[in-house]
Amino acid sequence: MSVPSHILKSVFENRLAELDVAGTLAAAEDKEDALITAETRRLHIAAHWADLHPGDATPQSRIPGTQHPIRLGRDGTPTIADFAAAELGCVLRISDGAAAKLIGDAVDLRHRLPKIWAAAVAGQAPGSQARHIATATRHLTQDQAGFVDARLASAPGALSWNRLHTLLQAAIYQADPVGAEQRAALAAQERFVRLGRNSEHGLKMIIARATAGDAIWFKATIDRIADILARQGDEDPADIRRSKAIGILAQPAQALQLLCQHQDDAWDGPEEPADLPDEPDLADEPADPETAPEPHRPLHIKPSPSPPDRARPRAVAYVHLSEEALSTGTGVARVEDVGPVLLNRLHAILGDHCSISMKPVINLAAGHAPVDSYEIPARLREQPQLRYPADVFPYAAAVSRSIDIDHTIPYLNPDKGGPPGQTRIGNLGPHTRDHHRIKTHGGWQVRQPEPGTWLWRSPHHRIYLVNAGGTHPLGDSQFAQAIWRAASQPSERAAELATTSLR
């Protein structure tokens, strides 16, 4: 049935309660169609942005770090100017990396997957599914991608995610069986241990890939320690005790001591895995109960000759506390690479057997005396790292201590007219290397009217304010341009003129 437009319009006016079942379903269908249209329009815009910034038209330069042509898609797609993704990303309120990925998906769809692109343009394929196919086929040649395109042309929008993914994998294998075999062999050799990106309530995921044997032995040791914890009175479920066992294994001396103390315990754990190396055949040996091996004791452990504390690993944890938390003993702490943690849960991060070395509290409000050198002393470098842990480019995603600390107003040697005190808190900010290049060679400008506040102006004069609260787009209005002019520092114009004269 058709629904009057005034009923659909009420959705925007927050009067959903007025809709009956049919009206609600019609509104949901209408908005889903609008969402698919918007996703497709975004892909169209990304592809058109690539057309407006062709790599072939990028001026050639021998200066290191300048813009150069790159291929965001793969075989069969045109190149694009290196810095183009940054400004599009800011308008879409995503990072420049996410914008580059969007452009790459768009050109791959248009040039390598024309049937799926046509389905998306017709509103038959959700943009998210089309982009998923573009990403999954990026390693294929243009002809191989065309094979997948023909096989899946009618699948997006008609199948669930799981069924689509299964068909996609099968089509990729058919398109490139030799490459699929090679990738399978390479995957079998990959080993890693990583920490998950997100943390919640002080808990973090550990993701690892190891050989089957190593994984089985690791799991057996985890199970053994979890069993010991239960014998010591730990009433938590087995999975929680296994999680605790990882913390014990992170202290090798403690784990060794614990296993030594309980190595003679009878263990009701699982049988040895069937795929482990066979034990020597003892069928013909006398069944002496004093010398026969016990069935559940795979770990043969000797006590450590050194005190356990000496074998404890060392790690550095940066814990950020507010003045209120320090004075009241309650509140939230921020642990770098972990995230926010309740103050009374810090012991879960640091552990019960952790030796803590306290550093004097750094008064961030007091700041540090500026220096005249280009190099940033360690005592000064730690200030911006603690004050501004994230990249200060608009909508940047990087949060790390490895980010470069860069001068907002480019450093000018005092011998060539540079003012004193250029290396100071109010003229420093963290940038990734790519954003440093964009600032230096990509037509972007930045001002820091006060410590911790940055104003960026894009090549097309859009203004973005970045501070501790994130990125705030101000647009390109007269008001925004007035703010940009007001943020100019007296020494900035002199530095710009001096830098221009050196080029």
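Residue numbering note: each chain is counted from 1, following its sequence as written. In view of the model being predicted, local features appear only for residues whose pLDDT reaches at least 70, and side-chain atom pairs are presented and counted only at 80 or more, with totals across whole chains, interfaces and linings using the full set of residues. Values reported for side chains reflect all heavy atoms of the structure, with hydrogen atoms and water molecules removed beforehand.

Some points on the overall build of the chain
Then, number 1: What counts as a helix is a DSSP run of H or I of at least four residues, what counts as a strand is a run of E of at least two, and both are numbered from the N terminus. The secondary structure content of the chain amounts to 18 helices and 13 strands.
Then, number 2: Only protein chains enter the accessibility calculation, which uses a 1.4 Å probe; a residue whose area is less than 20% of its type maximum is buried, one above 50% is exposed, and one in between is partly exposed. The buried share of the chain, reckoned over its 503 residues, is 35%.
Then, number 3: The contact criterion used throughout is that any non-hydrogen atoms of two residues lie within 4.5 Å. Sequence separation of at least 24 residues holds for 58% of the intrachain contacts in the chain that already meet a minimum separation of 6.
Then, number 4: The accessible surface values rely on the Shrake-Rupley method and a 1.4 Å probe; as for residues, cover is taken only from the protein chains in view. When the accessible surface of the chain is summed, it comes to about 30,700 Å², and 55% of that surface belongs to carbon and sulfur atoms.

Focus on a nonpolar patch on the surface
Then, number 1: The grouping of Val193, Leu195, Ile206, Phe218 and Ile246 at the surface amounts to a nonpolar patch, some 490 Å² of accessible area in total.
Then, number 2: Tracing the chain through its elements places isoleucine 246 in helix 11 (residues 238–249). Any residue with relative accessible area above 30% and no salt bridge may belong to a patch, with like charges joined within 9 Å and the nonpolar Val, Leu, Ile, Met, Phe, Trp and Tyr side chains within 5 Å. The term salt bridge refers to a side-chain nitrogen of Lys or Arg lying within 4 Å of a carboxyl oxygen of Asp or Glu.

Topic: the sheet that holds strand 10 (residues 445–450)
Whenever strands of a sheet pair, they do so through backbone hydrogen bonds, lying parallel or antiparallel.
Then, number 1: Two strands are counted as paired when DSSP detects at least two bridges linking them. Ordered by their spatial adjacency, 4 strands build an open sheet running 10-11-12-13, and the pairing between neighbours is antiparallel. Lying at the two open borders of the sheet, with one neighbouring strand each, are strand 10 and strand 13 (470–475). Taken pair by pair, the neighbouring strands of this sheet meet at an average axis angle of 25°, ignoring direction.
Then, number 2: For strand 10 and strand 11 (residues 453–457), the ladder comprises 4 bridges, and the chain directions are antiparallel. Bridged to valine 446 within strand 11 is tryptophan 456. Simply put, an axis is a line fit to the C-alpha atoms, just over the touching stretch for a helix, and the angle between two N-to-C directions goes from 0 to 180 degrees.

What about the side chain of serine 458?
Then, number 1: Residue position: serine 458 is located in the loop between strand 11 and strand 12 (463–467).
Then, number 2: The exposure class of serine 458 is buried, given its relative accessible area of 1%.
Then, number 3: Within the local environment of serine 458, its side chain forms a polar contact with the side chain of glutamate 87, the two groups lying 2.6 Å apart. Definition of a polar contact: a pair of N or O atoms within 3.5 Å, with one able to donate and the other able to accept a hydrogen when the atoms are protein atoms, and with sequence-neighbouring residues admitted only if both atoms are side-chain atoms.

Let's talk about the environment of glycine 443
Then, number 1: With respect to the helices and strands, glycine 443 occurs in the loop between helix 16 (433–441) and strand 10.
Then, number 2: Judged by relative accessible area, which is 45%, glycine 443 ranks as partly exposed.
Then, number 3: Counting along the chain gives 360 residues from glycine 443 to phenylalanine 83, while the straight-line C-alpha distance between them is 9.3 Å.
Then, number 4: Setting aside its immediate chain neighbours within four residues, glycine 443 contacts Ile438, Arg457, Ser458 and Pro459.

Considerations on the confidence of the model for the chain
Then, number 1: A residue's pLDDT is the predictor's confidence in that residue, given on a scale from 0 to 100. Overall, the predicted model of the chain reaches an average pLDDT of 79, with 78% of residues at or above 70.
Then, number 2: Averaged pLDDT values for the elements of the chain fall to 43 in helix 18 (residues 490–502) and rise to 95 in helix 4 (residues 96–112).
Then, number 3: Low confidence marks residues 269–299, where pLDDT is under 50. Its contacts with residues over four positions away, or in another chain, come to 19 contacts.
Then, number 4: When the criterion is pLDDT under 50, residues 493–503 qualifies, and its contacts beyond four places in sequence or with other chains add up to 5 contacts.

Some thoughts on the packing of helix 4 against helix 6 (residues 127–136)
Then, number 1: At their nearest, the axes of helix 4 and helix 6 sit 9 Å apart, and the two run at 85° to each other. Regarding the angle of helix 4 to helix 6, the classification is roughly perpendicular. Here helix 4 contributes Lys101, Leu102, Asp105, Asp108 and Leu109 to the contact with helix 6, which in turn contributes Ala130, Arg131, Ala134 and Thr135.
Then, number 2: Split by residue class, the contact of helix 4 with helix 6 holds 4 nonpolar, 1 polar and 4 charged. Orientation categories follow fixed angle ranges, with anything under 35 degrees roughly parallel, anything over 145 roughly antiparallel, 65 to 115 roughly perpendicular, and all other angles oblique. Here the nonpolar group is Ala, Val, Leu, Ile, Met, Phe, Trp, Tyr, Cys and Pro; Asp, Glu, Lys and Arg are the charged ones; every other residue, Gly included, is treated as polar.

Looking at the pairing of strand 11
Then, number 1: Across the 5 residues that make up strand 11, a large majority, 5, are buried.
Then, number 2: Burial along strand 11 is two-sided: the residues Thr453, Leu455 and Arg457 and Trp454 and Trp456 are all buried.
Then, number 3: Turn length for the strand 10-strand 11 hairpin, with the two strands adjacent in sequence and antiparallel, is 2 residues, and the turn residue glycine 452 shows positive phi of about 90°.
Then, number 4: In the sheet, strand 11 pairs with strand 12 via 4 bridges, with the strands oriented antiparallel. Across the sheet, the residue bridging to tryptophan 456 is tyrosine 464, located in strand 12.
Then, number 5: Between strand 11 and strand 12, which pair antiparallel one after the other, the connecting turn spans 5 residues, and histidine 461 there sits at a positive phi close to 65°.

A short note on helix 15 (residues 378–387)
Then, number 1: Listed as buried for helix 15 are Leu380, Glu382, Gln383, Pro384, Gln385 and Leu386.
Then, number 2: Among the structural elements, strand 5 (319–320), strand 6 (332–335), strand 8 (404–407) and strand 9 (428–431) are those in contact with the buried residues of helix 15.

Points about unusual backbone geometry
Then, number 1: Backbone geometry at arginine 93 places phi at a positive 60°, although glycine is not the residue there.
Then, number 2: Tracing the chain through its elements places arginine 93 in the loop between helix 3 (84–92) and helix 4.
Then, number 3: If you check the backbone angles, histidine 461 has positive phi at about 65° while not being a glycine.
Then, number 4: Examined against the element boundaries, histidine 461 turns out to sit in the loop between strand 11 and strand 12.

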